[in-house]
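# A closer look at the structure
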Amino acid sequence: MQYNSTSKNKTESRYKDLLNQYLMSGSESIFLYWKGRVALYAILRAMGVGEGDEVIIQGYTCVVVVNAVIYLGAKPIYVDIDQHTFNINLDNLKNKVTNNTKVIICQNTYGLSSNLEEIQKIASKKGIYTVEDCTHGFGGSYHGIPNGTSCDASFFSTQWNKPFSTGIGGFAVIHNSSLLNKMKEQEQDKIFPNFKDRVELKMMYFIREYLVNDFTYWFMVSLYRWLSRHNLVVGSSSGEEVTGTEMPDNYFKAMSVTQMKKGIKSIQKLNEVNKIRKKNATEYTHFLMTKSKNHVNKHLFSDHIFLKYPLLVENREEFKKKAEKNRIILGEWFEAPVYPYSGSLKLWGVDEKDIPVAMYVSKHVVNLPTDIEEVNKVIDFLKRELLLIKDEE
Ligand SMILES: Cc1ncc(COP(=O)(O)O)c(C=O)c1O
């Protein structure tokens, strides 16, 4: 027992040290969780978010972000996005701040940073906390500052498709020292992953490593989503998390040692993968520019990791079918303004009229892969399908 807990502590501190090499915030400010959403929940809870509080979120995000706010009894307030950055629109943000605003969540969509300086100016005038949703941006930087180190706190995800992966997983980083004690206190409320959780995780690692390839990918992804929605495997999201606003049982869960060990391995490859991501994104931009098709403005931000490359297409279903035929794996962030929910958005308090750009983008966006060796295969495909890609605006 003594040995186990010593070995767990060693693994935890090794993992935190490796994370800290990117974050430079001090290992003691890093807190590990079962998933990224739980890290957000912990941060909001430490900030004292509750009934009567408003939390500003961009209307182009993941439903689990919104749910973390709702679970605490606070109200999500949606702000439209800027079509060029896929992040919060500053003018709309200013109009949504009220005396009840407690937190602004600044998202790092596809690895593209929000304009954090301007957001912080708005927030600090009114004593509002800022939280960076860095789930897409670990390893990148903004104006020379590592992503996730500018706001009062930030949270990260290490789920399958994230910059580096532990299967599922996440962590919080605290910069406002007044939150540290509360974060530490909350550690004792975390429940620990049970035997079934750990075995299922290991099974997933095996399947991912040995059974998922370019040929089985689409079938395996559909199977995995179906199984996790029906709570038959440890999945990214259980059924109730994407169809409702009730907090699931055993939500406030710790990261297992299995995940930490996986993280220690996969973070070692991060610099190399991020180099490939940046290079491929540059090639997509260059190609799309020369064809006057929509692209991420290369002057906008210089040091994004480009977890995915966002592209707007005329007819998404047709584009996706053709991509699948050509064995090109596309991402789906965010095919709905509170992805992956596509029914009535009323349950999450979304008024579609408030977020016209997010509504438009979520109907047309596809995510090109960036972590691949054969980027020319994708560019050749884009050449053939140019008519389906939206023009530059
Ligand atoms: C923008 C954003 N925030 C938060 C999350 C939640 O991360 P996790 O699945 O680790 O809870 C996701 C998941 O993909 C996401 O895309």
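Structure first, text after, so check above.
Anyway, here's the lowdown on the structure attached to this text. (Residues numbered from 1 in each chain as written. Predicted model: local features only at pLDDT ≥ 70, side-chain atom pairs only at ≥ 80, totals over all residues. Heavy atoms only, no water.)

## What to know about the overall build of the protein
In terms of helices and strands, the protein carries 14 helices and 13 strands. Whereas a compact globule of 393 residues would reach a radius of gyration of roughly 21 Å, the protein reaches 20 Å, a difference of no more than 12%. Each principal axis of the C-alpha atoms in the protein carries an extent, and together these give about 60 × 50 × 40 Å. Put simply, the protein has 393 residues, and 56% of those count as buried. A separation threshold of at least 6 residues defines the contact pool for the protein, and within that pool the share at least 24 residues apart is 73%. A total of about 17800 Å² of accessible surface is found on the protein, and carbon and sulfur atoms cover 51% of it. Separation between the mean location of the 50 positive side-chain charges and that of the 45 negative ones in the protein comes to 4 Å. (Helix = DSSP H or I, 4+ residues; strand = E, 2+ residues; numbered from the N terminus. Rg over C-alpha atoms; globule rule 2.2 N^0.38 Å. Buried < 20%, exposed > 50% of the residue type's maximum accessible area, 1.4 Å probe, protein only. Contact = heavy atoms within 4.5 Å. Areas by Shrake-Rupley, 256 points an atom, 1.4 Å probe, with all protein chains shown as cover. Lys, Arg positive; Asp, Glu negative; His and termini not counted. Charge placed at Lys NZ, Arg CZ, Asp CG, Glu CD.)

## So, the side chain of Asp 197
Structurally, Asp 197 can be placed in helix 7 (residues 195-210). Here Lys 253 takes part through its side chain, which lies 2.8 Å from a polar atom of the side chain of Asp 197. (Polar contact = N/O pair within 3.5 Å; in protein donor to acceptor, adjacent residues only side chain to side chain.)

## Regarding the site of the ligand
Lining the immediate environment of the ligand, one finds 16 residues, of which Gly 36, Arg 37, Asp 133, Ser 157 and Lys 162 sit closest. Between an oxygen atom of the ligand and a main-chain N or O atom of Gly 36, the distance comes to 2.8 Å. Thr 135 places a polar side-chain atom, nitrogen or oxygen, 3.1 Å from a nitrogen atom of the ligand. The fraction of the free accessible surface of the ligand (390 Å²) that becomes covered by protein chains is 97%. Partitioned by chemical class, the residues of the shell around the ligand number six nonpolar, six polar and four charged. (Near = heavy atom within 4 Å. Nonpolar A, V, L, I, M, F, W, Y, C, P; charged D, E, K, R; others polar.)

## Overview of helix 11 (residues 270-290)
For helix 11, spanning 21 residues, the distance from its first C-alpha to its last is 30 Å, which sits close to the expected 30 Å at 1.5 Å a residue. All buried positions along helix 11 are accounted for by Leu 270, Asn 274, Arg 277, Asn 280, Ala 281, Tyr 284, Thr 285, Phe 287 and Leu 288. Down the axis of helix 11, the smallest arc covering the buried residues is 165°, so these residues share one side. Opposite its buried face, helix 11 presents the exposed residues Glu 272, Lys 275, Thr 282, His 286 and Thr 290, each directed more than 90 degrees away. Ser 292 sits one or two positions beyond helix 11 and adopts a positive phi of about 55°. (Expected span 1.5 Å × (residues − 1). Arc of directions from axis to C-beta.)

## A look at the packing of helix 2 (residues 36-46) against helix 3 (residues 63-71)
For any two helices packed against each other, the geometry comes down to the angle between their axes and how far apart the axes lie. At a minimum axis distance of 9 Å, the contact between helix 2 and helix 3 shows a crossing angle of 35°. Between helix 2 and helix 3 lies a crossing whose hand is right-handed. From helix 2, Arg 37, Leu 40, Tyr 41 and Leu 44 reach across to helix 3, where they touch Val 64, Val 65, Ala 68, Val 69 and Tyr 71. A breakdown of the residues in the contact of helix 2 with helix 3 according to their chemical character gives eight nonpolar, no polar and one charged. (Axes fitted to C-alpha atoms, helices over the stretch in contact; angles between N-to-C directions. Left-handed = near helix turned anticlockwise from the far one by under 90°.)

## Structural notes on a negative patch on the surface
Residues Asp 214, Glu 272, Glu 373 and Glu 374 make up a contiguous surface patch of negative charge. With respect to the helices, strands and loops of the structure, Asp 214 is situated in the loop between helix 7 and helix 8 (217-229). For Asp 214, a relative accessible area of 33% corresponds to the partly exposed category. (Patch = residues over 30% accessible without salt bridge, like charges linked within 9 Å, V, L, I, M, F, W, Y side chains within 5 Å. Salt bridge = Lys/Arg side-chain N within 4 Å of Asp/Glu carboxyl O.)

## A few points about a nonpolar patch on the surface
Taken together, the side chains of Phe 206, Tyr 210 and Leu 211 make up a nonpolar region of the molecular surface, amounting to roughly 340 Å² of accessible area. The residue Tyr 210 is located in helix 7 in this model.

## Some remarks on the sheet that holds strand 9 (residues 153-157)
Pairing in this open sheet of seven strands is mixed, and the strands run 1-10-9-6-5-2-4 from one edge to the other. In this open sheet, the two strands that pair with only one neighbour each are strand 1 (30-33) and strand 4 (75-79). Taking each pair of neighbouring strands and ignoring which way they run, the sheet shows an average axis angle of 20°. Pairing of strand 1 with strand 10 (residues 170-174) involves four bridges; the strand directions are antiparallel. (Pairing = 2+ DSSP bridges.)

## Considerations on the pairing of strand 4
By the criterion of burial, strand 4 is predominantly enclosed, with four of the five residues buried. Summarising the sheet, strand 2 (residues 54-58) and strand 4 pair through five bridges and their orientation is parallel. Each bridged residue has a counterpart across the sheet, and for Ile 57 the counterpart in strand 4 is Tyr 78.

## So, the packing of aromatic side chains
As enumerated under the stated definition, the model contains 19 aromatic pairs in all. Ring geometry for Tyr 71 against Tyr 251: centres 5.0 Å apart, planes inclined by 90°, an arrangement best described as edge-to-face. Of this pair, Tyr 71 sits in helix 3 while Tyr 251 is found in the loop between helix 9 (239-243) and helix 10 (257-267), placing the two residues 180 residues apart along the sequence. You can call Tyr 251 buried: its relative accessible area is 6%. Aromatic rings pair up to connect Tyr 60, Phe 86, Tyr 110, Trp 333, Phe 334 and Tyr 339 into one cluster. Residue placement shows Lys 253 over the ring face of Trp 34; its charged tip is 4.6 Å from the ring centre. (Phe/Tyr/Trp six-rings, centres within 6.5 Å; stacked < 30°, edge-to-face > 60°. Lys NZ or Arg CZ within 6 Å of the ring centre and 35° of its normal.)

## Concerning the packing of helix 11 against helix 14 (residues 375-384)
Interaxial distance between helix 11 and helix 14 falls to 11 Å at its minimum, and their mutual angle equals 20°. Classed by the angle they form, the pair helix 11 and helix 14 counts as roughly parallel. The way helix 11 lies across helix 14 gives a crossing that is right-handed. Contacts from Asn 280, Glu 283, Tyr 284 and Phe 287 of helix 11 reach helix 14 at Val 375, Asn 376, Val 378, Ile 379, Leu 382 and Lys 383. Among the residues making up the contact of helix 11 with helix 14, the classes are represented as six nonpolar, two polar and two charged. (Parallel < 35°, antiparallel > 145°, perpendicular 65-115°, else oblique.)

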